[in-house]
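Structure assessment
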Amino acid sequence: MTSRETRTQVVIVGAGPSGLLLGQLLQRQGIDAVILERRSADYVLGRIRAGVLEQGSVDVLEHAGVAARLHAEGMRHDGVEIRFRGRRHRIELKALTGRNVTIYGQTEITRDLMDARVASGAPSVYEAEDVTLHDWDATSPRVSYREHGVVHEIACDFIAGCDGYHGVCRASIPLERQRTFERVYPFGWLGVLADMSPPWAELVYANSECGFALASMRSRTRVRCYVQCPLEDRVEQWSDQRFWDEFRRRMGEEIADRVIGAPSIEKSIAPLRSFVVEPLRFGRMFLAGDAAHIVPPTGAKGLNLAISDVFYLHEALRDFYCARGDRALDEYSIRCLRRIWRAERFSWWMTRQLHQFPGDAFSRRMQETELEYLFDSPAAQESMAENYVGLPLEQAGVSMPV
Ligand SMILES: Cc1cc2nc3c(=O)[nH]c(=O)nc-3n(C[C@H](O)[C@H](O)[C@H](O)COP(=O)(O)OP(=O)(O)OC[C@H]3O[C@@H](n4cnc5c(N)ncnc54)[C@H](O)[C@@H]3O)c2cc1C
């Protein structure tokens, strides 16, 4: 086994949306980066995940020069609907905030970013094995990996840990250097992707006696639907017929009548978790996206937070390489965490209000009261709308309290 050594400015670990977007933003600033991804490009493209983009995320993708297809194919939604006890309420996102959300699948964003990277000629290594961080706390970090049996080592100025919740970057930091916060919810989401024209114009969230359900979509011909399920359930226990029967029951008559139970093209169960690590900077290594935080998908914030982290990180690295100093790098963690905790709060709040929790009668009454208040109070609706469309990204150089 031979060993090869190279050098770059930034090594990005992970080619999910965080890593690919950071690579694209840095490339446009003339900053060299190598992306190391342990899976194949096809595997990364095959993962079915998020689909709701905040206006701020669309702006960042535009800034990155990868929004042409998003604008052509994405669907703008001016509202979302909540159903509870036979009542339906539309939260008027656009009317209440002046902003909307765009439906465009994470898979499509990934494809656009991969295409842009290939076109730019910037290097990515897929199926990189045994990615290992060295000297991340020193001024000259290195990252090694194995490809086709050959060990490579890249010397760099910075490492971007964009490798998701199960990645190697956060795991390389001694536990005493990190503080973690976690909440695991006592249920999962069973998701089905199916080819049918969505019989709903906007996302519909339902809190029913049988549990939560979400009617969503990825395009004009593809729906993504979810039902709350027990954590211990396995996908094999859920035939398509069973899924659609349960989905119809939870959504209520008017949607049930219009849902044709199209065959699933993907079906999976995801556990729900809230997680944050503090800080996001460890020496010369910076965490971004799911490597640093997880939100339950109820508030549609996971992908959006990944995009805002990466936007802040690219600004900080740009400042460093433009000889504007270290200040933005020093502030990266606090700048991201402020936004992360607000998205965590909103995702936790949405999850609490819309699911069936095992628990006492008091908690159930609180949930009912909260939803009725939301339906009746314009102020509560405005607060939900403000968070759902996404809080604004902060300007660079803004001083924030530590
Ligand atoms: C099943 C599921 C469903 C979701 N649904 C929604 C949703 O509906 N709405 C929403 O907003 N969000 C959703 N999310 C969250 C959203 O998809 C994530 O927030 C988003 O993918 C974060 O992007 P990322 O690039 O930070 O992490 P990831 O997408 O996880 O990418 C990390 C990358 O790093 C790679 N990697 C990991 N370890 C290593 C290593 N050792 N070496 C090299 N590479 C490595 C991984 O293979 C992966 O490609 C969902 C997430 C999951 C898991």
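This structure is a prediction, so every number in the text was calculated from the model and none was measured. (Residues numbered from 1 in each chain as written. Predicted model: local features only at pLDDT ≥ 70, side-chain atom pairs only at ≥ 80, totals over all residues. Heavy atoms only, no water.)

1. Side note on the layout of surface pockets
Roughly 280 Å³ of internal volume is contained in the second largest pocket. Around the second largest pocket, the lining comprises 15 residues; the ones closest to its centre are Gly 105, Glu 108, Arg 218, Ser 219 and Arg 222. Looking at the lining of the second largest pocket residue by residue, the class counts come to four nonpolar, five polar and six charged. (1 Å grid on protein atoms, 1.4 Å probe; cavity = no way out; pocket = protein on both sides within 12 Å on 5 of 7 lines; lining within 4 Å. Points joined across faces, edges and corners; volume = space filled by probe spheres on them. Nonpolar A, V, L, I, M, F, W, Y, C, P; charged D, E, K, R; others polar.)

2. Considerations on the site of the ligand
Lining the immediate surroundings of the ligand are 28 residues, of which Ser 18, Glu 37, Arg 47, Gln 106 and Asp 290 lie closest. At 2.6 Å from an oxygen atom of the ligand is found a side-chain nitrogen or oxygen belonging to Ser 18. Arg 47 places a side-chain nitrogen or oxygen 2.7 Å from an oxygen atom of the ligand. Relative to its unbound accessible surface of 990 Å², the ligand loses 86% to contact with the protein. Among the secondary structure elements, those contributing two or more residues to the shell around the ligand are α1 (17-28) and α10 (302-321). (Near = heavy atom within 4 Å. Polar contact = N/O pair within 3.5 Å; in protein donor to acceptor, adjacent residues only side chain to side chain. Areas by Shrake-Rupley, 256 points an atom, 1.4 Å probe, with all protein chains shown as cover. Helix = DSSP H or I, 4+ residues; strand = E, 2+ residues; numbered from the N terminus.)

3. Section: the nonpolar core
Ranked by internal contacts, the top residues of the largest apolar core, which has 75 residues, are Val 10, Ile 12, Leu 21, Leu 36, Leu 53 and Met 285. No other element matches the nine residues that α10 contributes to this core. Excluding anything up to four places from it in sequence, Leu 21 contacts Val 60, Leu 61, Ala 64, Leu 113, Ile 307 and Val 310. Membership of the second largest hydrophobic core comes to 53 residues, among which are Val 52, Leu 203, Ala 262 and Met 384. (Core = buried A, V, L, I, M, F, W, Y, C linked by side-chain atoms within 4.5 Å. Buried < 20%, exposed > 50% of the residue type's maximum accessible area, 1.4 Å probe, protein only. Contact = heavy atoms within 4.5 Å.)

4. Concerning the packing of α1 against helix α6 (residues 106-120)
Interhelical geometry of α1 versus α6 gives an angle of 40° and a closest axis separation of 9 Å. Seen from above, α1 lies across α6 with left-handed handedness. Across from Pro 17, Leu 20, Leu 21, Gly 23, Gln 24 and Gln 27 in α1, the residues of α6 making contact are Gln 106, Thr 110, Leu 113, Met 114, Ala 116, Arg 117 and Ser 120. In terms of residue class, the contact of α1 with α6 is made up of six nonpolar, six polar and one charged. (Axes fitted to C-alpha atoms, helices over the stretch in contact; angles between N-to-C directions. Left-handed = near helix turned anticlockwise from the far one by under 90°.)

5. Notes on empty space enclosed by the protein
On inspection of all chains with the given rule, the structure shows three cavities of 30 Å³ or more. Of the volumes computed, that of the largest cavity is approximately 50 Å³. Along its surface, the largest cavity is lined by Glu 54, Lys 301, Leu 305, Arg 339, Arg 342, Ala 343, Asn 387 and Leu 391. For the lining of the largest cavity, the element with the highest residue contribution is helix α11 (residues 327-354), accounting for three residues. Of the pockets and cavities examined, the second largest cavity occupies roughly 50 Å³. For the second largest cavity, the full set of lining residues is Pro 17, Val 44, Arg 47, Arg 49, Gln 106, Thr 107 and Thr 110. Examining the composition of the lining of the second largest cavity, we find that three residues originate from one element, α6, more than from any other. In the lining of the second largest cavity, the residues fall into two nonpolar, three polar and two charged.

6. Examining the pairing of strand β3 (residues 33-36)
Taking every second residue as pointing to the same face, both faces of β3 are buried, with Ala 33 and Ile 35 on one and Val 34 and Leu 36 on the other. Alignment of strand β2 (residues 10-13) against β3, held across four bridges, turns out to be parallel. Bridge pairing links Val 10 to Ala 33 in β3. In terms of handedness, the path from β2 via α1 over to β3 forms a crossover that is right-handed. Relative to strand β9 (residues 124-125), β3 is paired through two bridges, and the arrangement is parallel. Across the sheet, the residue bridging to Ile 35 is Ser 124, located in β9. (Pairing = 2+ DSSP bridges. Right-handed = clockwise from strand over helix to strand, strands pointing away.)

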